[in-house]
Amino acid sequence: MPAISRDEVAHLARLSRLALTDDELDLYAGQLDSILTHVAQISQVAAADVPATASPNPETNVTRPDVPQPCLTPEQALAMAPAVEEQRFMVPQILGEGA
């Protein structure tokens, strides 16, 4: 039994606002099924006695201290902007949604 069906891929495409052809749905269903099958296999290998790690290197606090620095004023930051509205960068609306 596949880990993900073609109908589920179509549903995800609709949620993502992707227009996929029937061939693409079949292709992506197969690819996603393969990925999910491999993830399930890896999950079976993980042992309870192995601690979870985010990184194999035990580095701690490798960032510089957060020190305030001089920065641009709002007027300087917006000076070269193609469009400004209420002291903010004005950008085109996306996805046809209201504000």
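In what follows, the structure referred to is the one given above.
All figures in this text were calculated on a predicted structure; none of them were measured in a lab.

J.: Would you mind showing me how to read the environment of Val91 here?
T.: Checked against the element boundaries, Val91 lands in the segment after strand S2 (88-89). Given a relative accessible area of 63%, Val91 falls into the exposed group. It is 46 Å that separates the C-alpha atoms of Val91 and Met1, two residues lying 90 residues apart in sequence.

J.: Looking at this structure, I do not really get the packing of helix H1 (residues 6-15) against helix H2 (residues 22-45). What am I missing?
T.: When two helices pack together, their arrangement is given by the angle between the helix axes and the distance between those axes. As a packed pair, H1 and H2 sit with axes 9 Å apart at the nearest point and diverge in direction by 110°. Here H1 is positioned roughly perpendicular relative to H2, judged by the angle of their axes. Facing H1, whose interface residues are Arg6, Val9 and Ala10, H2 presents Asp22, Leu25, Asp26, Tyr28, Ala29 and Leu32.

Conventions we followed
Residues numbered from 1 in each chain as written. Predicted model: local features only at pLDDT ≥ 70, side-chain atom pairs only at ≥ 80, totals over all residues. Heavy atoms only, no water. Helix = DSSP H or I, 4+ residues; strand = E, 2+ residues; numbered from the N terminus. Buried < 20%, exposed > 50% of the residue type's maximum accessible area, 1.4 Å probe, protein only. Axes fitted to C-alpha atoms, helices over the stretch in contact; angles between N-to-C directions. Parallel < 35°, antiparallel > 145°, perpendicular 65-115°, else oblique. Contact = heavy atoms within 4.5 Å.

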